[in-house]
Amino acid sequence: MSAFVSALIESIPYIQKFRDKTVVIKLGGSLADSPEGRRAILQDIVLLSLVGMKMVLVHGGGKEISARLDKMGIETEFVGGYRVTGDAAITEVEMVLTGRINTELTLLLNNGGIKAVGISGKDGGWLEATKKLVVDGDIGHVGEVATVDPTLINLLMSGGYTPIISPIGHDKDGKTFNLNADDVASAVATAVGAEKLILMTDVNGVYKNFPDPASFVSKLNLEEAKEILKTVKGGMIPKLTCAVNAIESGVHSVHLLNGSTPHSLLVEVFSDSGIGTMIER
């Protein structure tokens with residue numbers, strides 16, 4: 001009981017500090033594919049909202065997209081490390097992201113006690129994209145964030161709603177693009193002036209020499225993050241790049257943490273020691 005009370009008391013200054021502040025959370029694709037992990041994270045999000053934080057959730061859905069394309073007999077091809085997304089594939093990608101995962105997350109949050117609205121970048125035309133170009137060939141409907149108009153997101157938050165964002169954008173000609181959810185989360189955090197950007201991953205955070213536990217780094221400033229970015233490998237490269245870009249664009253802090261650790265979100269936000277890696281100016 002004393003440990004529980006101590007944890008509550010420790011959380012008080014953080015609740016006071018972040019009340020009415022905006023927090024953007026990116027839910028990784030593999031975590032979105034796990035019902036158990038999804039429910040635990042959404043419980044944390046509900047609590048953060050109930051203590052007064054303004055939440056924005058951006059999700060991925062890589063595993064479900066792969067499974068859907070296999071089921072539909074659409075062959076998966078990679079060029080330059082990117083999934084080629086043709087006309088048939090983008091229809092299925094949008095169906096999985098916007099039509100299934102987004103609606104399920106929205107329902108779970110509403111059932112959890114907070115008002116949520118699911119949107120994609122097409123709703124209100126707020127997320128404009130450009131075609132991603134790679135030297136090795138054409139990768140189809142894979143895009144990059146061009147501009148973010150935060151009007152719709154801010155309108156929802158001002159009305160007491162939590163926006164749940166599917167990373168589907170469009171270009172000026174109305175063409176649909178699948179966007180990297182980390183990039184969308186970073187761009188949204190910048191556009192809405194977020195206090196925090198939290199990237200939920202499948203690893204504990206940043207390691208100087210992954211997976212050596214002795215090389216884990218719990219806190220970095222911007223310059224240190226840039227130095228480590230020169231040496232990290234694999235999936236941490238785009239996440240750390242997003243973190244650096246967000247900090248340089250005005251976001252106060254970025255957190256990378258393991259969403260499969262129960263209630264890691266609450267521990268990271270409401271405790272002195274945290275549980276993941278925090279990057280700040």
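Conventions adopted
Residues numbered from 1 in each chain as written. Predicted model: local features only at pLDDT ≥ 70, side-chain atom pairs only at ≥ 80, totals over all residues. Heavy atoms only, no water. Helix = DSSP H or I, 4+ residues; strand = E, 2+ residues; numbered from the N terminus. Rg over C-alpha atoms; globule rule 2.2 N^0.38 Å. Buried < 20%, exposed > 50% of the residue type's maximum accessible area, 1.4 Å probe, protein only. Contact = heavy atoms within 4.5 Å. Areas by Shrake-Rupley, 256 points an atom, 1.4 Å probe, with all protein chains shown as cover. Lys, Arg positive; Asp, Glu negative; His and termini not counted. Charge placed at Lys NZ, Arg CZ, Asp CG, Glu CD. Pairing = 2+ DSSP bridges. Axes fitted to C-alpha atoms, helices over the stretch in contact; angles between N-to-C directions. Parallel < 35°, antiparallel > 145°, perpendicular 65-115°, else oblique. Left-handed = near helix turned anticlockwise from the far one by under 90°. Nonpolar A, V, L, I, M, F, W, Y, C, P; charged D, E, K, R; others polar. Phe/Tyr/Trp six-rings, centres within 6.5 Å; stacked < 30°, edge-to-face > 60°. Core = buried A, V, L, I, M, F, W, Y, C linked by side-chain atoms within 4.5 Å. Expected span 1.5 Å × (residues − 1). Bend = angle between axes of the 7 residues up to and from the residue. Salt bridge = Lys/Arg side-chain N within 4 Å of Asp/Glu carboxyl O.

In this section: the overall build of the chain. Scanning the chain from terminus to terminus reveals 10 helices and 16 strands. The C-alpha atoms of the chain give a radius of gyration of 18 Å, which matches the 19 Å a tight globule of 281 residues would have. Considered along the principal axes of its C-alpha atoms, the chain spans approximately 60 × 45 × 35 Å. Per-residue burial over the chain gives 49% buried out of 281 residues. Looking at the chain alone, contacts between residues at least 24 apart form 72% of all its contacts between residues at least 6 apart. By element, 55% of the accessible surface of the chain is carried by carbon and sulfur atoms, the whole surface being about 12,900 Å². Each charge class in the chain can be summarised by its mean position, and for the 26 positive and 33 negative side chains these summaries are 3 Å apart.

This part takes up the sheet that holds strand β11 (residues 196–201). Ordered in space as β5-β8-β2-β1-β11-β15-β16-β14, the 8 strands form an open sheet in which the pairing is mixed. One side of each edge strand has no neighbouring strand; the edge strands of this open sheet are β5 (116–120) and β14 (219–221). Pairs of neighbouring strands in the sheet enclose a mean axial angle of 20°, with direction left out of account. Note that β11 and strand β15 (residues 253–258) share 6 bridges and pair parallel. In the strand pairing of β15, T201 is matched with N258. The strands touched by helix α9 (residues 236–248) are β1 (22–27), β11, β15 and β16 (277–280); relative to β15, the strand with the most contacts, the crossing angle is about 155°.

Turning to the packing of helix α4 (residues 62–71) against helix α5 (residues 87–112), a few remarks are in order. α5 packs onto α4 with a crossing angle of 130° between their chain directions and a minimal axis gap of 10 Å. By the angle between their axes, α4 is oblique relative to α5. Every pair of crossing elements has a handedness; the one defined by α4 and α5 is right-handed. Side by side, α4 and α5 meet where E64, I65, R68 and L69 of the first sit next to A89, E92, V93, M95, V96, L97, R100 and I101 of the second. Split into classes, the residues belonging to the contact of α4 with α5 amount to 8 nonpolar, no polar and 4 charged.

Take the packing of helix α8 (residues 222–229) against α9 next. Look at α8 against α9: their axes get within 10 Å of each other, and the N-to-C directions meet at 155°. With respect to their mutual orientation, α8 and α9 come out roughly antiparallel. Judged by the twist between their axes, the crossing of α8 over α9 is left-handed. Of the residues in α9, those in contact with L222, A225, K226, I228 and L229 of α8 are I237, L240, T241, V244, I247 and E248. Of the residues contributing to the contact of α8 with α9, the split by class is 8 nonpolar, 1 polar and 2 charged.

Right, let's get into the packing of aromatic side chains. Here the structure, examined in full by the defined rule, presents 3 aromatic pairs. Ring geometry for Y14 versus F18: centroids 6.5 Å apart, planes at 25°, classification stacked. Linking Y14 with F18, this pair stays in helix α1 (residues 2–18), spanning 4 residues, or about one helical turn. The residues Y14 and F18 share a single accessibility class, namely buried. Cluster of aromatic residues (ring-pair linked, three or more members): Y207, F210 and F216.

A few words now on the nonpolar core. In terms of nonpolar packing, the biggest core is built from 39 residues, with V24, I153, I165, V188, L197 and V254 touching the most fellow members. Mapped onto this core, the elements with two or more residues apiece are β2 (54–59), β6 (127–131), α6 (151–158), α7 (181–191), β11, α8, α9 and β15. Counting 36 residues, the second largest nonpolar core, distinct from the first, contains I41, L48, I90 and L109.

Moving on: α5. Taking 1.5 Å per residue as the helical rise, α5 with its 26 residues ought to reach 38 Å, and the 36 Å between its terminal C-alpha atoms agrees with that figure. Of all the bends found along α5, the most pronounced is centred on N102 and spans about 30°. If you check which residues of α5 are buried, you get A89, I90, E92, V93, V96, L97, I101, N102, L105, T106 and L109. In the stretch just after α5, G113 is the one whose phi turns positive, near 115°.

Enumeration according to the criterion identifies 14 salt bridges in this entry. Taking the shortest distance from any N to any O, the salt bridge between D138 and K131 comes out at 2.7 Å. With a relative accessible area of 54%, D138 lands in the exposed category. Of the charged contacts, one joins E248 and K226 as a salt bridge, the two residues approaching to 2.6 Å between their closest N and O atoms. Taken together, the residues E248 in helix α9 and K226 in helix α8 connect sequence positions 22 residues apart. Taken together, the shared-partner salt bridges connect K26, D182 and K239 into one network.

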